[in-house]
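So the chains spell out like this:
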Amino acid sequence: MANLLNLVDVDVDVDDTAICRGVNLEVAQGETHILFGPNGCGKSSLLSAVMGLPPYRTSGTIELNGESIGDAPVDVRARGGLALAFQRPPSLRGVSLRGLARALDALNELDAAVAALDLEGLAVRDLNAGFSGGEIKRSEIVKLALQRPTMCLFDEPESGVDLEHIAAVGAAIGDLLATPADDGTRRGALIITHTGFILDYLRADVGHLMLDGRIVYSGEPRELFGHIQRHGYTVPSAPAGASV
Ligand SMILES: Nc1ncnc2c1ncn2[C@@H]1O[C@H](COP(=O)(O)OP(=O)(O)OP(=O)(O)O)[C@@H](O)[C@H]1O
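Residues numbered from 1 in each chain as written. Predicted model: local features only at pLDDT ≥ 70, side-chain atom pairs only at ≥ 80, totals over all residues. Heavy atoms only, no water.

Peer 1: Before we go on, may I ask you to explain the site of the ligand in this structure?
Peer 2: Taken together, 15 residues lie around the ligand, and Gly40, Lys43, Ser45, Tyr56 and His194 are the ones closest in. The contact in question runs from an oxygen atom of the ligand to an N or O atom on the side chain of Ser44, over 2.8 Å. Glu156 has a polar side-chain atom sitting 3.4 Å from an oxygen atom of the ligand. A per-element tally of the shell around the ligand places helix α1 (residues 43–51) first, with 3 residues. (Near = heavy atom within 4 Å. Polar contact = N/O pair within 3.5 Å; in protein donor to acceptor, adjacent residues only side chain to side chain. Helix = DSSP H or I, 4+ residues; strand = E, 2+ residues; numbered from the N terminus.)

As structure tokens, then:
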């Protein structure tokens, strides 16, 4: 069975600037991967590039469900089951969560999704316009869920979310990933986090450490997070089962 997401030797560039180099990553069905790394190392750029967003240019191989998508526009990637929850989602005039749900034929799922993230009343407003920082981030989880993706990219879903709502964000992501997609595919995820909060809400399979645009270590995610808490963003001496 093909991996949900397959990155082989992926470089990411903006104009003449190299941002990521030689990234290899395989996310199988049902797997959740966590991406750690210091500010500015290239994590968000990698997710945006995989999603096909400008101005990021890629070389190497990017496959979604076995299909090469490296040259595909963002809408083709989205229709193929890929979705990104942005670190800093934009405001969208004229687009509400309810309108989005209608367009995605997901109105049945809207009320429960909105209630789970304590966003009642916001679903009819222009998306993110005048929302608080935490409301924007919680709406972003709803937006992603309404897309019913098979491969989910989350960019710091906890940033700006207060302590009481962080549990709701974690539970919503955990529930989404535990629920198979419409075609029965077990969903996969790649999640950027600095706080590691998400590790309390789902079973994470692999943790990756990115430094200077390269994945320099992959291993057990909780062990890697513990290492980062104790030693900062340094490469652990490899325990059994880890790959450097
Ligand atoms: N559109 C762009 N134009 C120019 N430089 C960019 C662009 N996007 C990213 N960069 C640069 O690429 C580097 C990596 O940025 P990126 O946002 O991917 O980092 P990150 O690892 O997600 O950091 P953080 O943890 O702070 O969110 C940074 O130096 C950033 O300034």
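Peer 1: How should I be thinking about the pattern of salt bridges in this particular structure?
Peer 2: Should their charged atoms come close, side chains of opposite charge can pair. Inspection of the entire model under this criterion finds 9 salt bridges. Where Arg93 meets Asp126, a salt bridge forms, and the shortest distance between an N and an O atom there is 3.8 Å. Here Arg93 is found in the loop between β6 (82–85) and α3 (97–103), whereas its partner Asp126 is found in the loop between α4 (107–116) and α5 (133–146), with 33 residues between them in sequence. Its relative accessible area of 69% is what places Arg93 among the exposed residues. Here Asp182 makes a salt bridge to Arg148, at a shortest N to O gap of 3.6 Å. Taken together, the positions of Asp182 in the loop between α6 (163–178) and β8 (188–192) and Arg148 in the loop between α5 and β7 (151–155) put the pair 34 residues apart, joining distant regions of the chain. (Salt bridge = Lys/Arg side-chain N within 4 Å of Asp/Glu carboxyl O. Buried < 20%, exposed > 50% of the residue type's maximum accessible area, 1.4 Å probe, protein only.)

Peer 1: Mind showing me how you'd approach the sheet that holds strand β3 (residues 32–36) here?
Peer 2: One key point about sheets: their strands pair by backbone hydrogen bonds, in either a parallel or an antiparallel sense. Spatially, β6-β7-β8-β3-β9-β10 is the arrangement adopted by the 6 strands of the open sheet, whose pairing is mixed. On the outer flanks of this sheet lie β6 and β10 (214–219), each paired with one strand and no other. Averaged over all pairs of adjacent strands, the angle between strand axes in this sheet comes to 20 degrees, irrespective of strand direction. For β3 and β8, the ladder comprises 4 bridges, and the chain directions are parallel. Considered in β8, the bridge of Ile34 is made with Ile191. Contacts from α5 reach β6 and β7 within the one sheet, and its direction differs from that of β6 by about 175 degrees. Contacting β3, β9 (206–211) and β10, helix α7 (residues 221–231) crosses the sheet at an angle of about 40 degrees to β9. (Pairing = 2+ DSSP bridges. Axes fitted to C-alpha atoms, helices over the stretch in contact; angles between N-to-C directions. Contact = heavy atoms within 4.5 Å.)

Peer 1: Please clarify how the UniProt feature "domain: ABC transporter" (unreviewed entry) in the protein should be interpreted in this entry.
Peer 2: Listed under "domain: ABC transporter" (unreviewed entry) in the UniProt record, and renumbered for this structure, are residues 5–237. The span residues 5–237 is 31% helix and 27% strand, and its two end C-alpha atoms sit 27 Å from each other. (UniProt positions renumbered as here; feature names shortened; annotations may be inferred.)

Peer 1: I tried to follow the state of the cysteines on my own but got confused; where do I start?
Peer 2: What makes a disulfide is a covalent bond joining the sulfur atoms belonging to two cysteines. Within the structure shown, the criterion is met by 0 disulfides. The closest cysteine sulfur to the non-disulfide-bonded Cys20 is located on Cys41, 7.7 Å from its own sulfur. (Disulfide = S-S within 2.5 Å.)

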